[in-house]
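Chains, contacts and geometry: an overview
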Amino acid sequence: MKTAWRIVGVAAMLIGALWILQGLGVVRWPASSFMLDARPWAVRGAVMMAMGCVALWMGARARG
């Protein structure tokens with residue numbers, strides 16, 4: 001279970017980072033994405049990263 005929490009946590013943090021960068025217009029990939037320069041996606045990305053941190057914390061606390 002510990003490994004699953006860690007995988008989910010890292011994946012959530014990476015996805016959240018991508019959403020933040022797309023929402024702020026830093027990453028312009030894919031070019032036709034509806035998320036580009038849309039601030040709500042930056043906020044959603046921050047929430048996703050926070051959820052990833054919680055999942056990593058859960059993984060650190062899990063047994064075996």
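Parameters at a glance
Residues numbered from 1 in each chain as written. Predicted model: local features only at pLDDT ≥ 70, side-chain atom pairs only at ≥ 80, totals over all residues. Heavy atoms only, no water. Helix = DSSP H or I, 4+ residues; strand = E, 2+ residues; numbered from the N terminus. Polar contact = N/O pair within 3.5 Å; in protein donor to acceptor, adjacent residues only side chain to side chain. Patch = residues over 30% accessible without salt bridge, like charges linked within 9 Å, V, L, I, M, F, W, Y side chains within 5 Å. Areas by Shrake-Rupley, 256 points an atom, 1.4 Å probe, with all protein chains shown as cover. Salt bridge = Lys/Arg side-chain N within 4 Å of Asp/Glu carboxyl O. Buried < 20%, exposed > 50% of the residue type's maximum accessible area, 1.4 Å probe, protein only. UniProt positions renumbered as here; feature names shortened; annotations may be inferred.

For the rest of this paragraph, the subject is the side chain of Gln-22. Position of Gln-22 among the secondary structure elements: in helix α1 (residues 2–23). Among the polar contacts listed, one links the side chain of Gln-22 to the backbone oxygen of Trp-29, at a separation of 2.3 Å.

On to a nonpolar patch on the surface. A surface patch of nonpolar side chains, about 240 Å² in accessible area, is lined by Leu-21, Leu-24 and Val-26. Residue placement: Leu-21 occurs in helix α1. You can call Leu-21 partly exposed: its relative accessible area is 34%.

This part covers the side chain of Ser-33. Inspection of the secondary structure puts Ser-33 in the loop between α1 and α2 (39–61). Looking at Ser-33, the relative accessible area reads 16%, which means it is buried. A polar side-chain atom of Ser-33 sits 3.1 Å from the main-chain amide nitrogen of Met-35.

If you check UniProt for "transmembrane region" (unreviewed entry), the listed places come out as residues 7–29 and 41–60 in our numbering. For residues 7–29, the helix share is 74%, the strand share is 0%, and the end-to-end C-alpha distance is 24 Å. For the annotated span residues 41–60, helix accounts for 100% and strand for 0% of the residues, and the straight-line distance between the end C-alpha atoms is 28 Å.

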